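# Commentary on secondary and tertiary structure
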Amino acid sequence: IQKFLTQEDTHKSLEKLQKDNQRTVETLTEERRKIRLQVEELKFAQGGVANRRQAIDEYEKTLAQATEKFERNRGKYERLAKMLIDTQAGVDHLTEKL
């Protein structure tokens, strides 16, 4: 019975985590898009080749870091979404038994 009572709290917690992670994924996706635009602008901008190359390298490094963070958070989001689905199935099963 205790498991049944705590599953609702777990369910709410997982839903909150899912929403938080979804926002994080959206934020990182937007950040990644902006960085890519900056890289493209620098590639075609006027100015010294050395300075431009250095700036492009910096933006590409930032883009790589943002992409890595995005992938980690997407994996975390997918795991939490699966856990939420499993929890919902467990709650439904216990509800049917009662």
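Up top is the structure.
Each chain has its residues counted from 1, following the order in which its sequence is written. Thresholds applied to this predicted model are a pLDDT of at least 70 for local features of residues and 80 or more for the giving and counting of side-chain atom pairs; totals over whole chains, interfaces and linings are not thresholded and use all residues. Excluding hydrogens and water, the side-chain figures rest on all heavy atoms present in the structure.

Turning next to the overall build of the protein. What counts as a helix is a DSSP run of H or I of at least four residues, what counts as a strand is a run of E of at least two, and both are numbered from the N terminus. In terms of helices and strands, the protein carries 2 helices and 0 strands. Any residue under 20% of the maximum accessible area for its type is buried, any over 50% is exposed, and the rest in between are partly exposed; the area is computed with a 1.4 Å probe on protein chains only. Across the 98 residues that make up the protein, the buried fraction comes to 20%. Taking the contacts inside the protein whose residues are at least 6 apart along the sequence as the reference set, 75% of them involve residues at least 24 apart. To measure how exposed things are, a 1.4 Å probe is used in the Shrake-Rupley method; for residues, cover is taken only from the protein chains shown. On the protein, roughly 7,500 Å² of surface is accessible, and the fraction owed to carbon and sulfur atoms is 54%. For this analysis, residues touch if any pair of their heavy atoms sits within 4.5 Å.

By secondary structure assignment, the location of T29 is in helix α1 (residues 2-44). Taking C-alpha positions, T29 is 7.0 Å from F70, a pair spaced 41 residues apart along the chain.

Our next topic: the pattern of salt bridges. Basic side-chain nitrogens of Lys or Arg form a salt bridge, by our definition, when they fall within 4 Å of a carboxyl oxygen of Asp or Glu. By the definition in use, this model includes 6 salt bridges. Of the charged contacts, one joins D20 and K16 as a salt bridge, the two residues approaching to 3.1 Å between their closest N and O atoms. Taken together, the residues span about one helical turn, with D20 and K16 both in helix α1 at a distance of 4 residues. The closest approach of N and O atoms between D86 and K82, which form a salt bridge, is 3.1 Å. Note that D86 and K82 are positioned in helix α2 (residues 49-97) at a spacing of 4 residues, about one turn of the helix. A cluster of three or more residues bridged by salt bridges with shared partners is formed by K16, D20 and R23.

Let us now look at the nonpolar core. With 7 residues, the main nonpolar core is built from I35, V39, L42, A55, I56, L63 and A66. The dominant element in this core, judged by the number of residues it contributes, is α2, at 4 residues. Residues belong to one nonpolar core when they are buried, are Ala, Val, Leu, Ile, Met, Phe, Trp, Tyr or Cys, and are joined through side-chain atoms within 4.5 Å.

As for its position among the elements, T87 is in helix α2. Not counting residues up to four positions away in its chain, the partners in contact with T87 are Q7, H11 and L14.

Further remarks concern the side chain of R32. Of note, R32 is situated in helix α1. By the counting scheme adopted, Arg and Lys are positive, Glu and Asp are negative, and His together with the chain ends is not counted. It turns out R32 is buried and unbridged, and the closest side chain with the opposite charge, E71, is 4.5 Å from it. When neighbours within four sequence positions are excluded, R32 is seen to be in contact with L63, T67, F70 and E71.

By the element assignment, A81 lies in helix α2. Taking the C-alpha atoms as reference points, A81 and K19, 62 residues apart in sequence, are found 9.7 Å from one another.

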